[in-house]
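# Observations on the model geometry
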Amino acid sequence: MSDDLTVPELQRRLAEFAAARNWQPFHTPKNLASALTVEAGELLEIFQWLTPEQAGAVMADPNTAHRVRDEVADVLAYLLQLCTVLEVDPLRALAEKIDRNESRFPAP
């Protein structure tokens, strides 16, 4: 694994992974958005009954940290696949959203 990964490279790898398994017919915007929501729910499940202090320390336990990293990866994978299908540049979308939020919610 390289430390200089890029979003397009990850999107390419995800597309190749899906293509090799003939999964593209299932990678519709609706299905990908649904899968993204499911994976986000699985990430939330890790924190569901934790106190704020316990949630803040979740990465200290190697087993829980591994689960968190896996669910974060799943959420990101589905988001990147959705962006590929919809032809959305996720970094540009985020930058534009930050710009709008800075205008909408100016710092005091």
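Note: the structure precedes this text.
Summary of the structure given here. (Residues numbered from 1 in each chain as written. Predicted model: local features only at pLDDT ≥ 70, side-chain atom pairs only at ≥ 80, totals over all residues. Heavy atoms only, no water.)

## Some details on the packing of helix H1 (residues 7-20) against helix H4 (residues 62-86)
The geometry of H1 relative to H4 is characterised by a closest axis approach of 10 Å and an angle of 90° between their N-to-C directions. Taken together, the axis directions place H1 and H4 in an arrangement best described as roughly perpendicular. Contacts between H1 and H4 involve Val 7, Leu 10, Gln 11 and Leu 14 on the former and, on the latter, Ala 77, Leu 80, Gln 81, Cys 83 and Thr 84. (Axes fitted to C-alpha atoms, helices over the stretch in contact; angles between N-to-C directions. Helix = DSSP H or I, 4+ residues; strand = E, 2+ residues; numbered from the N terminus. Parallel < 35°, antiparallel > 145°, perpendicular 65-115°, else oblique. Contact = heavy atoms within 4.5 Å.)

## Some thoughts on the packing of aromatic side chains
The final tally for this structure, using the stated rule, is 1 aromatic pair. Between the aromatic rings of Phe 17 and Trp 23, the centroid separation amounts to 5.5 Å while the plane-to-plane angle is 70°, which identifies the pairing as edge-to-face. It is Arg 21 that lies over the ring of Phe 17; its NZ or CZ is 3.5 Å from the centre. (Phe/Tyr/Trp six-rings, centres within 6.5 Å; stacked < 30°, edge-to-face > 60°. Lys NZ or Arg CZ within 6 Å of the ring centre and 35° of its normal.)

## Here we look at a nonpolar patch on the surface
On the surface, a nonpolar cluster with roughly 330 Å² of combined accessible area is contributed by Phe 17, Trp 23 and Phe 26. Structurally, Trp 23 is set in the loop between H1 and helix H2 (29-47). By relative accessible area, which is 35% here, Trp 23 ends up partly exposed. (Patch = residues over 30% accessible without salt bridge, like charges linked within 9 Å, V, L, I, M, F, W, Y side chains within 5 Å. Areas by Shrake-Rupley, 256 points an atom, 1.4 Å probe, with all protein chains shown as cover. Salt bridge = Lys/Arg side-chain N within 4 Å of Asp/Glu carboxyl O. Buried < 20%, exposed > 50% of the residue type's maximum accessible area, 1.4 Å probe, protein only.)

## Thoughts on the packing of H2 against H4
Packing of H2 against H4 brings their axes to within 9 Å, and their N-to-C directions diverge by 160°. On the basis of the axis angle, H2 is roughly antiparallel to H4. Considering the relative orientation of H2 and H4, their crossing is left-handed. For the contact of H2 with H4, the class distribution of residues is 17 nonpolar, 2 polar and 5 charged. (Left-handed = near helix turned anticlockwise from the far one by under 90°. Nonpolar A, V, L, I, M, F, W, Y, C, P; charged D, E, K, R; others polar.)

## Focus: a negative patch on the surface
Taken together, Asp 89, Glu 96, Asp 99 and Glu 102 make up a surface patch of like negative charges. As for its placement among the helices and strands, Glu 102 is situated in helix H5 (residues 90-104). (Lys, Arg positive; Asp, Glu negative; His and termini not counted. Charge placed at Lys NZ, Arg CZ, Asp CG, Glu CD.)

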